[in-house]
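Okay, here's what each chain looks like letter by letter:
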Amino acid sequence: MRLLSRIELASLSQPQKAQLGAYASRWARLRLSTDRVDRAAAEDGVQKLYRAAGLKPPTRIVWSEGPVAAAHAWARKRDQAGENVRALVIDMIRRKSEVATDRAIGLNVRMAIAAEPDLARAAPFCASIDEAVIRDCERARPVLRSRIANLFRFSGRRLGLGFGQSSIGFHSASWLGVLQYLGEVCGLSHHTSALQGLFQVAQNANWMIPHEETCWLTERPTLLRVDISGRLHAAKGPALSYGDGWSAFAWKGVLVPSWLIEQPEFITVRSIAAAHDPQIRRCMIDILTPQRFIAEGGAYRVSQDEAGILWRQRWRWEAWAAVEVINGTPEPDGTYKHYFLQVPATMRSPREAVAWTYGLPEHRYRPVVRT
């Protein structure tokens, strides 16, 4: 009787463990890379990928400088490109490889891979890139004449899929690094052989829109900025730009209107109150700084005790709060610096708020008295 599941790799050897970090670093660098891609290598990978999915290679491979330009080109020509085949060349091959490797590895191997976050998980900025790109690319539509013709010519076909369902951004495909590691280092090459073309494309292109006759590929970003926490962020200028002229602005992982970054002088207490999105409002306060927001009348004093001063502001559906504390160490000129720490709006006292910043309940907070 043939077993449905057989563990081939119960644990990693020391040499295999040593390679985990190298693969994690490689894929982390790829996600952040702004270098020009190797187009010939990517196109060769597309040929291999289609054949692995049982398809004829596309007759045309079209390059764009960025995903928005690619989306508009795709929207104009997709009625001549055949069916979208992402489900075959990406999703089906991925599922088969994951099922095969899942059956072959043990719990210790899974835990070791999970301990390398750069390999097992995409960084936070990857989700922000997807959000920004797909938001604008979903607006790409064929000209009206083509849309009307398609209603009659392609009834029942998958031409109605939006950009998000038709494409893939390789920066977010963290599973590729894991499967490449298992295949190349752990002896599971047979289980991942169908992915060789996809590995090649992912390392030499940024976005892909695969159809039967035409495959669209894009260059990497020309600019990509993140903060120390791996979030899409830039205090000046765009956080993300492509060679097609499209860019996105972000503050600590939140996509924001460009004027918040380029014209911060227009951020006022009134414009903050007029913002509809709570995330954008909090970014506006952060850019203005809580100190200025409070000084300009944006918040009212709730209470004061030995820990500091608690400030709060309420809008219709949300509230904001910060605790003002004084540094116990004097500056060189003898003054004491004030800090404003944002805290949950449910805080009832400065002491409770300061305790929260240390991860403690109020009754366990014991401040050190400096002399």
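Residues numbered from 1 in each chain as written. Predicted model: local features only at pLDDT ≥ 70, side-chain atom pairs only at ≥ 80, totals over all residues. Heavy atoms only, no water.

## Some details on the overall build of the protein
Alright, step 1. From N to C terminus, the protein includes 17 helices and twelve strands.
Alright, step 2. Considering only C-alpha atoms, the protein reaches an extent of 75 × 60 × 40 Å along its principal axes.
Alright, step 3. When the 371 residues of the protein are sorted by exposure, 48% land in the buried category.
Alright, step 4. Restricting the contact set of the protein to residue pairs at least 6 apart, pairs at least 24 apart contribute 65%.
Alright, step 5. Per element, the accessible surface of the protein, about 19,500 Å² overall, is 53% carbon and sulfur. (Helix = DSSP H or I, 4+ residues; strand = E, 2+ residues; numbered from the N terminus. Buried < 20%, exposed > 50% of the residue type's maximum accessible area, 1.4 Å probe, protein only. Contact = heavy atoms within 4.5 Å. Areas by Shrake-Rupley, 256 points an atom, 1.4 Å probe, with all protein chains shown as cover.)

## Looking at the side chain of Q180
Alright, step 1. Tracing the chain through its elements places Q180 in helix α10 (residues 175-184).
Alright, step 2. At 2.9 Å, the side chain of Q180 and the side chain of W27 are in polar contact. (Polar contact = N/O pair within 3.5 Å; in protein donor to acceptor, adjacent residues only side chain to side chain.)

## What to know about the state of the cysteines
Alright, step 1. A complete count under the given rule lists zero disulfides for this structure.
Alright, step 2. The thiol sulfur of C126 is not disulfide-bonded, and the nearest other cysteine sulfur, from C137, lies at 16 Å.
Alright, step 3. Of all cysteine sulfurs, the one in C215 lies closest to C137, which takes part in no disulfide; the gap is 15 Å.
Alright, step 4. On the basis of relative accessible area, C137 is assigned to the buried category, the value being 1%. (Disulfide = S-S within 2.5 Å.)

## A look at the packing of helix α3 (residues 67-77) against helix α7 (residues 124-137)
Two quantities define a packed helix pair, namely the angle between the axes and the distance from one axis to the other.
Alright, step 1. The contact between α3 and α7 brings their axes to 9 Å, and the two run at 30°. Regarding the angle of α3 to α7, the classification is roughly parallel. Like other packed secondary-structure pairs, α3 and α7 cross with a definite hand, here right-handed. Between α3, through P67, V68 and A71, and α7, the contact on the second element is made entirely by V133, D136 and C137.
Alright, step 2. Considered class by class, the residues forming the contact of α3 with α7 number five nonpolar, no polar and one charged. (Axes fitted to C-alpha atoms, helices over the stretch in contact; angles between N-to-C directions. Parallel < 35°, antiparallel > 145°, perpendicular 65-115°, else oblique. Left-handed = near helix turned anticlockwise from the far one by under 90°. Nonpolar A, V, L, I, M, F, W, Y, C, P; charged D, E, K, R; others polar.)

## Focus on the sheet that holds strand β9 (residues 300-305)
Alright, step 1. Spatial ordering of the open sheet is given by β9-β10-β11-β12, a layout of four strands whose pairing is antiparallel. Of all the strands in the sheet, the pair left with one neighbour each is β9 and β12 (338-343). Across the sheet, the mean angle separating the axes of adjacent strands is 25° when strand polarity is ignored.
Alright, step 2. Sheet contacts for helix α17 (residues 350-357): β9, β10 (308-314), β11 (319-326) and β12; angle to β12, the most-contacted strand, approximately 80°. (Pairing = 2+ DSSP bridges.)

## A short note on the sheet that holds strand β3 (residues 207-210)
Alright, step 1. Taking strand neighbours across the sheet as the criterion, the four strands line up as β1-β4-β3-β2 in an open arrangement whose pairing is mixed. In this open sheet, the two strands that pair with only one neighbour each are β1 (60-64) and β2 (168-169).
Alright, step 2. Looking at chain direction, β1 and strand β4 (residues 214-218) are connected through five bridges and run parallel. Counterpart to S64 in the pairing with β4 is T218.
Alright, step 3. Running at roughly 140° to β1, helix α2 (residues 39-52) makes contact with β1, β3 and β4 of the sheet.

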